[in-house]
Amino acid sequence: MSGCTSQHIVLVGMMGAGKSSVGRVLAKRLDRTLFDSDEMVEARTGRTVREIWAAEGEPAFRSLETEVLRDAVSAGEPSVIAAAGGVVLSDENRAVLKRDDAHVVWLLADVELLLERVKAGMHRPLLDDDPEGVLRQMYEDRNELYQDVADAIVSVDHRSVHDVAGAVLRCAG
Ligand code: S3P
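Residues numbered from 1 in each chain as written. Predicted model: local features only at pLDDT ≥ 70, side-chain atom pairs only at ≥ 80, totals over all residues. Heavy atoms only, no water.

**Student:** It is not clear to me how the pattern of salt bridges should be interpreted in this structure. Could you clarify?
**Tutor:** Where side chains of opposite charge bring their charged atoms close, a pairing between them can arise. Going through the model one piece at a time under the given rule, you end up with 13 salt bridges. The partner of R70 in a salt bridge is E92, with the nearest N and O atoms 3.5 Å apart. Pair noted here: R70 is in helix α4 (residues 58-73) and E92 is in helix α5 (residues 91-97), with a separation of 22 residues, a long-range link. With a relative accessible area of 42%, E92 lands in the partly exposed category. Residues E112 and R136 are paired through a salt bridge, measuring 3.0 Å at the closest nitrogen-oxygen approach. Residue E112 is located in helix α6 (residues 111-118), and its partner R136 is located in helix α7 (residues 131-149); the two are separated by 24 residues in the primary sequence. (Salt bridge = Lys/Arg side-chain N within 4 Å of Asp/Glu carboxyl O. Helix = DSSP H or I, 4+ residues; strand = E, 2+ residues; numbered from the N terminus. Buried < 20%, exposed > 50% of the residue type's maximum accessible area, 1.4 Å probe, protein only.)

Here you go:
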């Protein structure tokens, strides 16, 4: 039996690392509920991430992010949680991620791959002005935070979504 059958699998990592896509595959394979934190925030507020950011600013978005993370890990059944990239920024969230019932997997990607991928996303207001500069800085600033919460690290470079999902399951075993 896998070591994490009774734990939530929580995917963390930078914007563009593939947390939502990998999360969808994992949830299907394991027949678990997928909680995608950005989608939860949007469903709860009836607004997009970008709208919340524009109307109320980043702190309001961050408190919603904390709220949905708490709710996701409180789900009765083990789930798959695709946590948005900034979830590791707060002490409070990092403490939640360190709970015994959460198996946290850091999807690690080369910054060049992230830069290619983030061009597609509309829900990333932090990257509006200088996507490359901001993403590179974030990469520097956040890596130690992902490291701090990770129970396992899976590299996504040169791998399909299905391969990454398989690697997450292997290292969860
Ligand atoms: C953010 C990541 C985004 C979204 C918001 C802020 C971040 O989610 O929550 O734009 O600070 O890293 P993804 O990681 O799903 O892109």
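**Student:** What exactly am I supposed to notice about the pairing of strand β5 (residues 152-155) here?
**Tutor:** It is a general feature of regular strands that their side chains alternate between the two faces of the sheet. Here β5 shows a clear split, with A152 and V154 buried on one side and none of I153 and S155 buried on the other. Looking at chain direction, strand β4 (residues 102-108) and β5 are connected through four bridges and run parallel. The partner of W106 across the bridge, within β5, is I153. (Pairing = 2+ DSSP bridges.)

**Student:** Would you take a moment to explain the site of the ligand for this structure?
**Tutor:** With respect to spatial proximity, 13 residues lie near the ligand, and among them D38, R62, H123, R124 and R142 are the closest. In the model, an oxygen atom of the ligand is placed 2.9 Å from a nitrogen or oxygen of the K19 side chain. Residue G85 places a main-chain N or O atom 2.8 Å away from an oxygen atom belonging to the ligand. Relative to its unbound accessible area of 390 Å², the ligand is 97% covered by the protein chains. Residues belonging to the shell around the ligand are distributed by class as follows: five nonpolar, three polar and five charged. (Near = heavy atom within 4 Å. Polar contact = N/O pair within 3.5 Å; in protein donor to acceptor, adjacent residues only side chain to side chain. Areas by Shrake-Rupley, 256 points an atom, 1.4 Å probe, with all protein chains shown as cover. Nonpolar A, V, L, I, M, F, W, Y, C, P; charged D, E, K, R; others polar.)

**Student:** Is there a simple way to explain the sheet that holds β5 in this structure?
**Tutor:** Think of a sheet as strands paired side by side through backbone hydrogen bonds, with each pair either parallel or antiparallel. An order of β2-β3-β1-β4-β5 is seen for the five strands of this open sheet, with the pairing classed as parallel. Because the sheet does not close on itself, it has two edges, and the strands there are β2 (34-36) and β5. Along the sheet, successive strands turn relative to each other by an average axial angle of 20°, direction set aside. As paired strands, strand β1 (residues 8-12) and β4 are joined by five bridges and run parallel to one another. Its bridge partner being in β4, I9 is matched across the sheet by H103. Against the sheet, helix α8 (residues 161-171) touches β1, β4 and β5, its axis set at about 155° to β5. (Axes fitted to C-alpha atoms, helices over the stretch in contact; angles between N-to-C directions. Contact = heavy atoms within 4.5 Å.)

**Student:** Looking at this structure, I do not really get the side chain of R94. What am I missing?
**Tutor:** Residue position: R94 is located in helix α5. Classification of R94 as buried rests on a relative accessible area of 14%. Within polar-contact distance, the side chain of R94 engages the side chain of D91 at 2.7 Å. With residues up to four places along the chain from it excluded, the contact list for R94 reads V88, L89, L145, D148 and V149.

**Student:** Even after reading the chapter, I still don't get α7, so can you show me in this structure?
**Tutor:** The end-to-end C-alpha distance of α7 is 25 Å, a good match for the 27 Å that 19 residues give at a rise of 1.5 Å each. The complete set of buried residues in α7 reads L135, M138, Y139, R142, L145, Y146 and V149. On its buried face, α7 sits against β1, α4, α5, β4 and α6. (Expected span 1.5 Å × (residues − 1).)

**Student:** Looking at this structure, how should I read α6?
**Tutor:** Two residues of an α-helix separated by three or four positions point the same way, owing to the 3.6 residues in each turn. For α6, the full list of buried residues reads V111, L114, L115 and V118. Mapping the buried residues of α6 onto a view down its axis gives an arc of 100°, with all of them on the same face. As for α6, its buried residues are in contact with α7. N-capping of α6 is provided by D110, with a side-chain oxygen placed 3.1 Å from the backbone N of E112. (Arc of directions from axis to C-beta.)

So yeah, pure geometry; function would need other evidence.
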